[in-house]
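Results of the structural survey
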Amino acid sequence: GQSLEQPSEVTAVEGAIVQINCTYQTSGFYGLSWYQQHDGGAPTFLSYNALDGLEETGRFSSFLSRSDSYGYLLLQELQMKDSASYFCALSGGSYIPTFGRGTSLIVHP
Amino acid sequence: SAVISQKPSRDICQRGTSLTIQCQVDSQVTMMFWYRQQPGQSLTLIATANQGSEATYESGFVIDKFPISRPNLTFSTLTVSNMSPEDSSIYLCSVEGLAKNNEQFFGPGTRLTVL
């Protein structure tokens, strides 16, 4: 099987940088994705890492280390609208992702 | 990208009844996925629906409880049968994007409350 671990909650102030970590266990590996979900909304795709290294998309970056079974999402220049839940999702033995429990990010003014 | 709509957006149902949730996509897709998300929890895959074949169910989910239809490449339904309060959840359908980045697009969800 496969499993993912991520912190349940992270808090930060507006303008800061925050990192949300995700560790995983799996027998196979296709990639690690990140999704954002606001309260009452649908999850929306942020990024996907299939290879080691950093992928940057605007204020958001995602990192993967396959040897460490570890990834993180980095959010820079935090804004109040970034307050949401963030899910890492593992495509391990199948390309269909398995979602982590989610990290609630609270951004304070 | 894909635009997905779901009906109903929410419903309150009585124990023992059934509810059918519809999912419509604005483009033809091979696979559609049905997820369940309990309040404050993660997304759990219920089943994968291919057009023209039986849905593939994940461990812990069975066809008698969650029958799925996939009559064409843009539409699917999920029925939650013989409901109990434990079925209260948000049900989401999703499809894969065309880019090779494993992106999934999600519908807005159906918020189900079973009394």
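Located above this text is the structure these notes cover.
What comes next is a walk through the structure. Predicted model only: the values in this text are computed from it and were never measured.

Rules behind the numbers
- Residues numbered from 1 in each chain as written.
- Chains lettered and ligands numbered in written order.
- Predicted model: local features only at pLDDT ≥ 70, side-chain atom pairs only at ≥ 80, totals over all residues.
- Heavy atoms only, no water.
- Buried < 20%, exposed > 50% of the residue type's maximum accessible area, 1.4 Å probe, protein only.
- Helix = DSSP H or I, 4+ residues; strand = E, 2+ residues; numbered from the N terminus.
- Pairing = 2+ DSSP bridges.
- Axes fitted to C-alpha atoms, helices over the stretch in contact; angles between N-to-C directions.
- Disulfide = S-S within 2.5 Å.

A closer look at the pairing of strand β5 (residues 43–50) of chain B
Residue and element names in this part refer to chain B.
- β5 sits mainly inside the fold: 6 of its 8 residues count as buried.
- Summarising the sheet, strand β4 (residues 31–37) and β5 pair through 7 bridges and their orientation is antiparallel. Within β5, the residue paired with Phe33 across the bridge is Thr48.
- Where β4 folds back onto β5 in an antiparallel hairpin, the turn is made up of 5 residues, including Gly40, whose phi is positive at roughly 70 degrees.
- Relative to strand β6 (residues 56–57), β5 runs antiparallel, the two sharing 2 bridges. Note on β6: the bridge partner recorded for Thr48 is Thr56.
- Here β5 folds back onto β6 in antiparallel fashion, the turn holding 5 residues, of which Gly52 has a positive phi close to 85 degrees.

Side note on the pairing of strand β3 (residues 18–25) of chain A
Residues and elements named next belong to chain A.
- Only one face of β3 is buried: it carries Val18, Ile20, Cys22 and Tyr24, and the other face, with Gln19, Asn21, Thr23 and Gln25, is open.
- Examined bridge by bridge, strand β1 (residues 3–5) and β3 share 3 bridges and lie antiparallel to one another. Across the sheet, the residue bridging to Glu5 is Thr23, located in β3.

Details of the sheet that holds strand β7 (residues 68–72) of chain B
All names here are of chain B.
- On the basis of which strands lie adjacent, the open sheet formed by 4 strands has the order β1-β3-β8-β7 and antiparallel pairing. The open sheet terminates on both sides in strands that have one partner only, identified here as β1 (4–7) and β7. Taking the axes of each pair of neighbouring strands and ignoring which way they run, one obtains an average angle of 15 degrees across the sheet.
- For β1 and strand β3 (residues 19–25), the ladder comprises 4 bridges, and the chain directions are antiparallel. Opposite Lys7, over in β3, you have Gln22 as the bridge partner.

A look at the state of the cysteines
- Applying the stated criterion across every chain yields a total of 2 disulfides over all chains.
- The residue that forms a disulfide with Cys22(A) is Cys88(A), at a sulfur-sulfur distance of 2.2 Å. Negative torsions about the S-S bond denote left-handed disulfides, and the value of about 75 degrees found for Cys22(A) with Cys88(A) makes this one right-handed. Taken together, the residues Cys22(A) in strand β3 and Cys88(A) in strand β9 (residues 84–91) connect sequence positions 66 residues apart.
- Look at Cys22(A) and you get buried, because its relative accessible area is 0%.
- Linked covalently through their sulfurs, Cys23(B) and Cys93(B) form a disulfide whose S-S length is 1.9 Å. Every disulfide takes its handedness from the sign of the S-S torsion; for Cys23(B) and Cys93(B) that torsion is 75 degrees, giving right-handed. One end of the pair, Cys23(B), is in strand β3; the other, Cys93(B), is in strand β9 (residues 89–96), and 70 residues separate them in sequence. Note on accessibility: Cys23(B) and Cys93(B) belong to one class, buried.
- For the unlinked cysteine Cys13(B), the closest cysteine sulfur is that of Cys93(B), found at 17 Å.

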